Amino acid sequence: MAVEPPQRIALLGGGFSTDDDGLLDDWVPARARVSRAKVCFVPTASGDAPAYIEQFRAAFGSRPACEPSVLQLFRRELDDDALRSFLLAQDVIYVGGGNTANLLAVWRTHGVDRLLREAYGRGALLCGISAGANCWAEGSHTDSFGPLTHLPDGLELLPGSVCPHYDSEPGRRPSYRAAVAAGRLPAGWAVEDGAAALFTDGVLTEAVSRTRGAGVYRVEPAGGDGVGERALPCRLLGA
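In what follows, the accompanying structure is described. (Residues numbered from 1 in each chain as written. Predicted model: local features only at pLDDT ≥ 70, side-chain atom pairs only at ≥ 80, totals over all residues. Heavy atoms only, no water.)

Some remarks on the pairing of strand β6 (residues 137-142)
Logical step 1: Judged by how many residues are buried, β6 sits mostly within the fold: 5 of 6 residues are covered.
Logical step 2: The sheet contact formed by β6 and strand β8 (residues 158-163) spans 3 bridges and is parallel. Bridging from a neighbouring strand, A137 pairs with L158 of β8.
Logical step 3: Note: β6 against strand β7 (residues 149-151), 3 bridges, orientation antiparallel. If you follow H141 over to β7, its bridge partner there is H150. (Buried < 20%, exposed > 50% of the residue type's maximum accessible area, 1.4 Å probe, protein only. Helix = DSSP H or I, 4+ residues; strand = E, 2+ residues; numbered from the N terminus. Pairing = 2+ DSSP bridges.)

Written out as structure tokens, the structure is:
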């Protein structure tokens, strides 16, 4: 009887687009199922911004443990069969930041949401920063519509909700806490810039940070209109 591969998702609070030390960029491919990982960057949330793509190529093109590629959908070149073959061949699918709501809409138009579920079931590591972290959960905290708000929409591969930039953007923490307390978002995970969290089969299995003090939090309703926030132990990268 075939053994199902572990299903893994990583929420990133940093990486090549924000950090100079490369610690999180080293951590991601090291979690892949092979020693030389095929890492596909999906910049849909930024509208396939050229500068963002170049940042990725510069960061991952020089890593001997990686075979980088990019999936662009705004100038799509692959037909449905080729798109499926391409995505299912990847070991790591790294989704960039931008607009979460637009990201989900474009993916569904092209059928990428279904392909990502299939890749996840086959053992590919799904990861991303900001919108690229939000998209995997049942819901998320986002500025996709301008002001900070809750988005009860996602691929539902990770139970609960996600809030990125928990410490770095004004209003993030109280707004997310209020959404969870009121039941507008389910209990979930808040990631500060500089931290990252790995989930295996929906369960948190590792939390790391590239800087002291950057953390990952579990945020849950706590009786009445209250909310509880629990800091999770994080291993310091590069220590």
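Some points on helix α3 (residues 80-88)
Logical step 1: Within the span of α3, buried status applies to L83, L87 and L88. Taken down its axis, α3 places every buried residue within 120 degrees of arc, on the same side.
Logical step 2: In this structure, the buried residues of α3 make contact with β4 (92-95), α4 (100-110) and α5 (112-121).
Logical step 3: For α3, the side-chain oxygen to backbone nitrogen distance between the N-cap and D81 is 3.2 Å, and the N-cap itself is D79. (Arc of directions from axis to C-beta. Contact = heavy atoms within 4.5 Å. Polar contact = N/O pair within 3.5 Å; in protein donor to acceptor, adjacent residues only side chain to side chain.)

Remarks on the sheet that holds strand β11 (residues 203-209)
Logical step 1: Strand order in the open sheet formed by 8 strands is β3-β2-β4-β5-β1-β10-β11-β14, and the pairing between neighbours is mixed. The two strands at the open ends of the sheet, each matched to only one other strand, are β3 (66-70) and β14 (235-236).
Logical step 2: Pairing of strand β2 (residues 37-42) with β3, which is carried by 5 bridges, proceeds in the parallel orientation. The residue bridging K38 from the neighbouring strand is E67, located in β3.
Logical step 3: Helix α1 (residues 23-30) rests against β1 (8-12), β2, β3, β4, β5 (125-129), β10 (195-200), β11 and β14 of the sheet, and its axis sits at about 10 degrees to β10. (Axes fitted to C-alpha atoms, helices over the stretch in contact; angles between N-to-C directions.)

Considerations on the sheet that holds strand β9 (residues 188-191)
Logical step 1: Across the sheet, 6 strands lie side by side as β7-β6-β8-β9-β12-β13; this open sheet has mixed pairing. With partners counted over all chains shown, the strands left at the sheet margins are β7 and β13 (227-232), one partner each. Direction aside, the axes of adjacent strands within the sheet are offset by 25 degrees on average.
Logical step 2: Together, β6, β7, β8, β9, β12 (216-221) and β13 form the strand contacts of helix α7 (residues 172-181), whose direction differs from that of β12 by roughly 35 degrees.

Worth remembering: the numbers are spatial, not functional.
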